Amino acid sequence: AQSVAQPEDQVNVAEGNPLTVKCTYSVSGNPYLFWYVQYPNRGLQFLLKYITGDNLVKGSYGFEAEFNKSQTSFHLKKPSALVSDSALYFCAVRAFNSGGYQKVTFGTGTKLQVIP
Amino acid sequence: GAGVSQSPSNKVTEKGKDVELRCDPISGHTALYWYRQSLGQGLEFLIYFQGNSAPDKSGLPSDRFSAERTGGSVSTLTIQRTQQEDSAVYLCASSTNRGNTEAFFGQGTRLTVV
């Protein structure tokens, strides 16, 4: 069964500092990996995805994520955090399972708090 | 439609009543998911549809919860005999069947059981 782990419930970072939100996954076969963001009282929005190719993918709002196959990780990063980045971040994986269908599995979410 | 549409956006119901939540996915999206989110918390997977069939309904918390999808489009999530612990935001998402495409979420239905 596929799974996603976000080991930190909350990450605090000072404005202007680099931020990292961690994600590791477990799948059979090649994964498709995604990051979503949820601002307060809003729906989930797609940020970026890794499909194939370059391990560093760039997405919306200056975010990027690095795919590391050996460590089965897909950490979200941003060089300089903004207060407006404070939100709930979800990592997700999509892959074929034993039933022959693809299902998206989400992590439990990490609350990012950027401190002015 | 342009996006995933959920209705109602808010629902207040009395304990013991049945409720129906509706999700209208993006046209052509064969995959449809229901999640539940308590205030400020993570996503709790409920059920996954591929077309009209549900290959994974492992997340439905009890037999009071059921869901169906008709015509490969609209889905309804039904909660019978609602309890206070059912209060949450119910989110629907849809995607194509291609693995490299992201899922699109609706704005959710906020259910409050009083």
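The structure reproduced in this document is the subject of the present report. (Residues numbered from 1 in each chain as written. Chains lettered and ligands numbered in written order. Predicted model: local features only at pLDDT ≥ 70, side-chain atom pairs only at ≥ 80, totals over all residues. Heavy atoms only, no water.)

**Focus on the environment of Ala81 of chain A**
All names here are of chain A. Tracing the backbone shows Ala81 in the loop between strand 9 (73–78) and strand 10 (87–96). Taking relative accessible area as the criterion, Ala81 reaches 1% and is therefore assigned buried. Residues contacting Ala81, with those up to four places away along its chain left out, are Val13, Ala14, Glu15, Gly16, Asn17, Leu19 and Val114. (Helix = DSSP H or I, 4+ residues; strand = E, 2+ residues; numbered from the N terminus. Buried < 20%, exposed > 50% of the residue type's maximum accessible area, 1.4 Å probe, protein only. Contact = heavy atoms within 4.5 Å.)

**What to know about the interface of chain A and chain B**
Every contact between the two is made by 20 residues of chain A and, on the other side, 26 residues of chain B. Interface area for chain A against chain B, summed over the two sides, is near 1,800 Å², with a carbon-plus-sulfur share of 53%. Applying the counting criterion to the chain A and chain B interface returns one salt bridge. Note that Lys49 of chain A and Glu102 of chain B form a salt bridge whose closest N and O atoms lie 3.0 Å from each other. Our count for the chain A to chain B interface comes out at nine residue pairs in polar contact (both at pLDDT 80 or more). (Buried area = accessible area lost by both parts, 1.4 Å probe. Salt bridge = Lys/Arg side-chain N within 4 Å of Asp/Glu carboxyl O. Polar contact = N/O pair within 3.5 Å; in protein donor to acceptor, adjacent residues only side chain to side chain.)

**Observations concerning the pattern of salt bridges**
Residue and element names in this part refer to chain B. By the definition in use, this model includes seven salt bridges over all chains. Its salt-bridge partner being Asp24, residue Arg22 comes within 3.8 Å of it at the nearest N-O pair. By relative accessible area, Asp24 is classed as partly exposed at 28%. One salt bridge in this structure joins Arg36 and Glu44, with 3.0 Å as the shortest N-O distance. By relative accessible area, which is 11% here, Arg36 ends up buried. Look at Glu44 and you get partly exposed, because its relative accessible area is 32%.

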